[in-house]
Amino acid sequence: MISASNLPEGAVDGRQAVLRAPPSHVVPKPTPESQTQDPRKYQLNQMKKRYSPIQNTLRDGTTNVLFKLKPSDPDFPFELDHLECELQVPATYPEKPPVLRVKNKDIPRGFAINIEKGWSRLIQENQGSTLLVLTNGLDKNLEAFLSERKAETVTLLSFKDTRHVDSSATILGQTSASVVQAPPKPAPVLRKSYVPEESFTDEQITEARARRAQEIKRLEARMSRLSHYQKSADGIVYSLPLEPRRRGELPVELQRIQSVQLIIPLLYPLQPLKVLLDDVESKDAEPVEDMFAEKAAQQKQMNLTSHVNYLAQNIHVLAKQAQAKQQAETASNRVGQTADSTAQQPTSSSGPNENGRSHIHVIPRPPEWAFGEGSGESDEDWDSEDESDDGGVEVSTGNEGPSGVAQQVERGTAMSFPTIELHGIELLQVSILNLSVKCERCRTLNDMAGLKPGAEKTSSCKKCATAFAATFRQEIVHQNSARAGFIDVAGCTVADMLPSTFTPTCARCSTPSQGLVSVRGETVTNVCRACHGKFTFKIPEVRFLAISPGARAPPTGGPRRRQEKLGLQAGDALPDRGACAHYRRSHRWFRFACCGRVHACDRCHDEAEDHAQEWATRMICGWCSREQNYAVEACAFCGRSVIGRKGRGFWEGGKGTRDRTKMSHKDKRKFRRVGGSEGRKKD
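All of the points below concern the structure found in this document. (Residues numbered from 1 in each chain as written. Predicted model: local features only at pLDDT ≥ 70, side-chain atom pairs only at ≥ 80, totals over all residues. Heavy atoms only, no water.)

A word on the overall build of the chain
Scanning the chain for helices and strands turns up 12 helices and 25 strands. Taken across its 683 residues, the chain has 33% of its residues classed as buried. Taking as baseline every contact in the chain between residues at least 6 positions apart, the subset at least 24 positions apart corresponds to 51%. For the chain, the accessible surface area stands at approximately 46300 Å², while carbon and sulfur atoms represent 50% of it. (Helix = DSSP H or I, 4+ residues; strand = E, 2+ residues; numbered from the N terminus. Buried < 20%, exposed > 50% of the residue type's maximum accessible area, 1.4 Å probe, protein only. Contact = heavy atoms within 4.5 Å. Areas by Shrake-Rupley, 256 points an atom, 1.4 Å probe, with all protein chains shown as cover.)

Right, dumping it as C-alpha cells:
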C-alpha cells in the first residue's frame, strides 16, 4: 500500500501532474495533402469558400482577392459596416508574403495605413499561418489597429513656377545679343500617323450587343459549373479553365497553364477579342496572346465557345508560330544591320560599267522565305489535326479521297442537333441510327432500326408492303458543327429519330467511349474508361432538312408475276360470298404464293393445278371483294367475319341469347330447372 506522505510534489491521488506534456506525447496537427502539394492554391480556395471574393490574376502572376470583412465583435465601437480589403498574393507565395490594401473611402488614409502595418506585423508574428488564419487575426485585432494614433500622411501638390520666364525676358531686354546663347535644337521626334478611331452605326451597335449577350449566355451555361471559372463585376473579363490538348508539345514555359482570362469588349464582335494566359510569365505569354488575337480577328463568325475550344486545341500551334515569327524578326533585323554596315563601307567596284551590267541590281532573298522552307508550320494554318500524336513514318498528304468522317456531299435528308449540349465531350458520332419513316404510298409510319454508317438498310411497309431503303452517311458532331449526317431514302421520308446509339469521345484524353443509347430530350452522363473523367451530353431537339428528293422505291426481289384478271368490283360480294363445295361457311378466296392464282380453298387449288400448293399469304374478302393480307377471322376493310358460325340454334353464333329474361317462350331452356349435379355445383 502506497503512503500519501511519500507522493512527489504536485501529484494528486498518485497521478503525476506536469506543466507540459512530454515531447514524445505531442502529435503534430495533420496537414491536408492538397495543402502540402500546392499551398497557394489551397489557401486561395479557403478564402474563396469563406468570403466569396472577386478574384483576378495580373500578368506577373499576382492574384488580387477583393473581399469585404465584417467585424465579428458584437461590441465593435466604430461605425464600420465592413472593411473593403484587397489582398495581393504574389505568384511565389508563401516565399513572398501577401500584401493588404484597404479600399474604404470613408476611412482616413492614416488609419488605413495602421491596418496595413498591423497586417504586416501579423505575418511576422505568425510565420507559416494560412491566409484564412491571418484574416481571422485581422478581424480580432481590428479594434486595436483602429485605436492606434493616426499615421502621419503627406499630401503632394504641384505648382507651376513662372518667375523664371519673367526674369529671362528682363535679362534678354538688357543684355546684348552676343551674350545670349541659343538653346540646342532638340532631335526631331518621329510622330506616328494619326489613326482615327473606328466608328459604328446604331444598327451595328445594337446587333453587336445582342450577339454578345447571346454568346455570353451560352458561354456561362457551359463554363459556369467548371473550376477556375470567375466573372468580373463589369462582365468584361472571364476567367476560364484551359486544358491544352497537347500539353507535352508546348514550350516548357507554357506547360504550367491551367486557366485563361477572356476579355470580351462591350462592342464585341465589332471590337477585337483578347486573352491573358494565367500561371505563366508575361514575356512568354504575350506572343501567344498576340497570335490568338490575330486569328480571332480573322474568324469573326466564330462564337466565344468556339474561340475557347480553338485555343485549347491549337495553343501548341500558336506557340510554334509565335516562336517562328520571333526568329524571323530577329533574322530580318540581323540582315538589316548587315546591310547598313555594308552600305557604310567604301565600295571596291571598278566603275558603273563593270561587266556591262550597271542596270542590274541584286535584291537579297528575304530571310523568312528560307525559314518557311524548312518549317512545317505556316501562319495560315488554322487547325493541327494533321499532326501525328504517336510519331512514325511520314504520311503522304496528296490528293486522297475523303475519309469516313470527312465532309459529306449535301444531298438526301440532313439530320442535325441545333441545341445539343456537350460537357466534357470532344466529338460525338451516331454509330447505330434508328428511324421512324413514312411510306410515300400510304403515309403509314414504319420503324427502321439498325442503320449503320455506309450500309444500306431495306424494309417494307407494314400496310401496303411497299419496299423502301435507307442509307446513313455519318458526320462528326462537335462544338462547331451540329450536323450528325445525311440519310438517303427511297420509297419513304424521314419522320423522327428513335432511341439510337451514340459514341462520345472524351475531351480530356481523346478516347472514344462505348456506345450509349439516347433519344431526344434525354440527358446521358457517363465516365471515361481511360481517364475516369465525367462527361454529359443532351439532345433537346432533332431537325431533318430534305435537301434533295428521295430515290424511287427499290425493286422487289425477282420478276413480278402477271396477276390474273378476275373482273371483280370493290364493294360487291363474291359469287356465293366466296363459299365453295368443300367449305360452305368460308367467305373468302385465297391467292396462293406458289402460282399467284386465286382459288376458293386448298382443295380447289389441287383440283385445278398440277403442282404442290404453298400456303396463301393474301386473300379476297367474300363480302367486299377487296384483296388484302391474310387475316384469320375478319376483313380489314369492311370488318365482317370471313368464317361462318360453328354450330346451329341459339347457342352457337345464332340470334339467341343466354339471358333467361330475354329468351323466347318457345325455348325449352328458359324454364329448365337447375338441379341434380348442376345444383350441387352451384352450392
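Concerning the sheet that holds strand β4 (residues 99-102)
Strand order in the open sheet formed by four strands is β1-β2-β3-β4, and the pairing between neighbours is antiparallel. Strands at the two margins of the open sheet, each flanked by one partner only, are β1 (54-57) and β4. Averaged over all pairs of adjacent strands, the angle between their axes in this sheet comes to 20°, without regard to strand direction. Direction of pairing for β1 relative to strand β2 (residues 63-69): antiparallel, over a ladder of four bridges. What sits directly across from Thr-57, in β2, is Thr-63. Contacts from helix α4 (residues 131-140) reach β2, β3 (83-89) and β4, with the element oriented near 35° to β2. (Pairing = 2+ DSSP bridges. Axes fitted to C-alpha atoms, helices over the stretch in contact; angles between N-to-C directions.)

Description of the pattern of salt bridges
On inspection of all chains with the given rule, the structure shows 19 salt bridges. Among the ionic pairs, Arg-584 bridges to Asp-576, the shortest N-O distance being 3.0 Å. Judged by its relative accessible area of 47%, Asp-576 is partly exposed. Two residues, Glu-627 and Arg-591, come together in a salt bridge whose shortest N-O distance is 2.7 Å. Placement of the pair is Glu-627 in strand β25 (residues 627-629) and Arg-591 in strand β22 (residues 588-592), with a sequence separation of 36 residues. Classification of Glu-627 by relative accessible area gives partly exposed; the value is 27%. Connected through salt bridges with shared partners, the residues Arg-59, Glu-286 and Glu-289 form a single ionic network. (Salt bridge = Lys/Arg side-chain N within 4 Å of Asp/Glu carboxyl O.)

A closer look at the environment of Arg-483
Here Arg-483 is to be found in strand β15 (residues 483-490). Spatially, the C-alpha atom of Arg-483 lies 9.9 Å from that of Phe-544, the residues being 61 residues apart in sequence. Separated by 3.2 Å, the side chains of Arg-483 and Glu-410 make a polar contact. Within the structure, Arg-483 has its side chain in polar contact with the side chain of Glu-475 (distance 3.2 Å). (Polar contact = N/O pair within 3.5 Å; in protein donor to acceptor, adjacent residues only side chain to side chain.)

Thoughts on the sheet that holds strand β19 (residues 523-527)
Pairing within the open sheet is antiparallel, and its three strands lie in the order β10-β20-β19. This sheet does not close on itself; its edge strands, each paired only once, are β10 (421-423) and β19. Geometrically, the sheet is characterised by an average inter-axis angle of 10° between neighbouring strands, direction not taken into account. In the sheet, β19 pairs with strand β20 (residues 534-538) via five bridges, with the strands oriented antiparallel.

So, helix α3 (residues 109-125)
Structural remark: α-helix, 3.6 residues per turn; residues separated by three or four positions point the same way. For α3, which comprises 17 residues, the first-to-last C-alpha distance of 24 Å matches the rise-based estimate of 24 Å (1.5 Å per residue) to within 8%. If you check which residues of α3 are buried, you get Gly-110, Ala-112, Ile-113, Asn-114, Ile-115, Glu-116, Gly-118, Trp-119, Leu-122 and Ile-123. Looking at the buried residues of α3, the elements they touch are β3, β4, α4 and α5 (142-147). (Expected span 1.5 Å × (residues − 1).)

Describing the packing of aromatic side chains
Geometry of an aromatic ring pair is reported as the spacing of the ring centres plus the angle between the planes. Inspection of the entire model under this criterion finds six aromatic pairs. Ring plane angle 45° and centroid distance 6.5 Å describe the contact between Tyr-229 and Tyr-238, whose orientation is recorded as tilted. As far as the burial class goes, Tyr-229 and Tyr-238 line up, both buried. Taking the centre distance of 5.9 Å and the plane angle of 55° together, the rings of Phe-502 and Phe-537 count as tilted. Remark: Phe-537 occurs in strand β20 and Phe-502 occurs in strand β17 (residues 500-506); sequence separation between them is 35 residues. What makes Phe-502 buried here is its relative accessible area of 0%. Cluster of aromatic residues (ring-pair linked, three or more members): Phe-417, Phe-502 and Phe-537. Over the aromatic face of Tyr-51 sits the side chain of Arg-50, whose NZ or CZ is 4.6 Å from the ring centroid. Positioned above the aromatic ring of Trp-623 is the side chain of Arg-640, whose terminal nitrogen or guanidinium carbon lies 3.7 Å from the ring centre. (Phe/Tyr/Trp six-rings, centres within 6.5 Å; stacked < 30°, edge-to-face > 60°. Lys NZ or Arg CZ within 6 Å of the ring centre and 35° of its normal.)

Here's the deal with the side chain of Ser-436
Residue position: Ser-436 is located in strand β11 (residues 425-439). The class of Ser-436 is buried, set by a relative accessible area of 9%. Residues in contact with Ser-436, not counting those within four places in the same chain, are Leu-445, Asn-446, Asp-447, Thr-493, Val-494, Ala-495, Asp-496 and Leu-498.

Considering the packing of α3 against α4
The interhelical angle for the contact between α3 and α4, taken along N-to-C directions, is 130°, at an axis separation of 10 Å. Here α3 is positioned oblique relative to α4, judged by the angle of their axes. As α3 packs across α4, the resulting crossing turns out to be right-handed. Across the interface between the two elements, Ile-115, Trp-119, Leu-122 and Ile-123 from α3 touch Leu-134, Thr-135, Gly-137 and Leu-138 from α4. Here the contact of α3 with α4 is built from residues that sort into six nonpolar, two polar and no charged. (Parallel < 35°, antiparallel > 145°, perpendicular 65-115°, else oblique. Left-handed = near helix turned anticlockwise from the far one by under 90°. Nonpolar A, V, L, I, M, F, W, Y, C, P; charged D, E, K, R; others polar.)

A closer look at the environment of Pro-90
Mapped onto the secondary structure, Pro-90 falls in the loop between β3 and β4. In this structure the C-alpha to C-alpha distance between Pro-90 and Asp-60, which are 30 residues apart in sequence, comes to 8.4 Å. Setting aside residues no more than four positions away along its own chain, Pro-90 makes contact with Arg-40, Thr-62, Lys-96, Pro-97 and Pro-98.

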